Amino acid sequence: MNRYDFLHCQRPYHGDFTPVNFVFNANLQEFATKVSYIACLETSGKISPQDAFDQISVLWKQLKASKKGLSLEDLPD
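Chemist: I would appreciate a short explanation of the overall build of the chain in the present structure.
Modeler: Within the chain, the regular secondary structure consists of 3 helices and 0 strands. Starting at the N terminus, the α and β elements of the chain follow one another as α-α-α. For the chain, buried positions account for 18% of its 77 residues. Considering only contacts within the chain whose residues lie at least 6 apart along the sequence, 53% involve residues at least 24 apart. Total accessible area on the chain stands at roughly 6100 Å², and carbon and sulfur atoms take up 61% of it.

Chemist: Is there a simple way to think about helix H3 (residues 49-69) in this case?
Modeler: Since the α-helix packs 3.6 residues into each turn, any two residues three or four apart lie on the same face. Here H3 is 21 residues long and its end C-alpha atoms lie 30 Å apart, about the 30 Å a rise of 1.5 Å per residue gives. Regarding H3, the residues found buried are Ala52, Leu59, Leu63, Ser66 and Lys67. An end-on view of H3 places all buried positions within 100° of arc, on one side of the element. Pointing more than 90 degrees away from the buried face of H3 are the exposed residues Phe53, Lys61, Lys68 and Gly69. The inward-facing, buried residues of H3 contact helix H2 (19-43). Just downstream of H3 lies Ser71, where phi reads positive at about 50°.

Chemist: How should I be thinking about the packing of H2 against H3 in this particular structure?
Modeler: If you want to describe how two helices pack, look at the angle between their axes and the distance between the axes. Between H2 and H3, the least distance of the axes is 10 Å, while the angle of their chain directions is 180°. One element, H2, and the other, H3, form an angle in the roughly antiparallel class. On H3, the residues touching Phe24, Asn27, Leu28, Phe31, Lys34, Val35, Ile38 and Glu42 of H2 are Pro49, Ala52, Gln55, Ile56, Leu59, Trp60, Leu63, Ser66 and Lys67. Here the residues of the contact of H2 with H3 are counted per class, giving 11 nonpolar, 3 polar and 3 charged.

Chemist: Please clarify how the pattern of salt bridges should be interpreted in this entry.
Modeler: Oppositely charged side chains can pair when the atoms bearing their charge come close. The full count for this structure, using the stated rule, is 1 salt bridge. Here Glu30 and Lys34 are joined by a salt bridge, their closest N and O atoms 2.9 Å apart. Separated by 4 residues within a single helix, Glu30 and Lys34 lie in helix H2, roughly one turn from each other. Relative accessible area serves as the criterion here: at 34%, Lys34 is assigned to the partly exposed category.

Chemist: Just checking my understanding: could you explain a nonpolar patch on the surface for this structure?
Modeler: A surface patch of nonpolar side chains, about 300 Å² in accessible area, is lined by Phe17, Phe22 and Val23. Along the polypeptide, Phe17 turns up in the loop between helix H1 (3-7) and H2.

Parameters at a glance
Residues numbered from 1 in each chain as written. Predicted model: local features only at pLDDT ≥ 70, side-chain atom pairs only at ≥ 80, totals over all residues. Heavy atoms only, no water. Helix = DSSP H or I, 4+ residues; strand = E, 2+ residues; numbered from the N terminus. Buried < 20%, exposed > 50% of the residue type's maximum accessible area, 1.4 Å probe, protein only. Contact = heavy atoms within 4.5 Å. Areas by Shrake-Rupley, 256 points an atom, 1.4 Å probe, with all protein chains shown as cover. Expected span 1.5 Å × (residues − 1). Arc of directions from axis to C-beta. Axes fitted to C-alpha atoms, helices over the stretch in contact; angles between N-to-C directions. Parallel < 35°, antiparallel > 145°, perpendicular 65-115°, else oblique. Nonpolar A, V, L, I, M, F, W, Y, C, P; charged D, E, K, R; others polar. Salt bridge = Lys/Arg side-chain N within 4 Å of Asp/Glu carboxyl O. Patch = residues over 30% accessible without salt bridge, like charges linked within 9 Å, V, L, I, M, F, W, Y side chains within 5 Å.

This is how it looks when you write it as structure tokens:
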């Protein structure tokens, strides 16, 4: 396992396979990884709670935009 794989682990997709579901799953995993990093930085005092909130808010908006862009009507908001 190299450093990139350790820091950016991807779990296999389980579910009804469609290209849209697969791409959204990848986006969701990336969102979760980035939120985890931000939470760790905030917890260790490297960034302020407001900065963490702002960064996570931006990531959330990007995830919602990707959901709309993939036209996932069947996924809950």
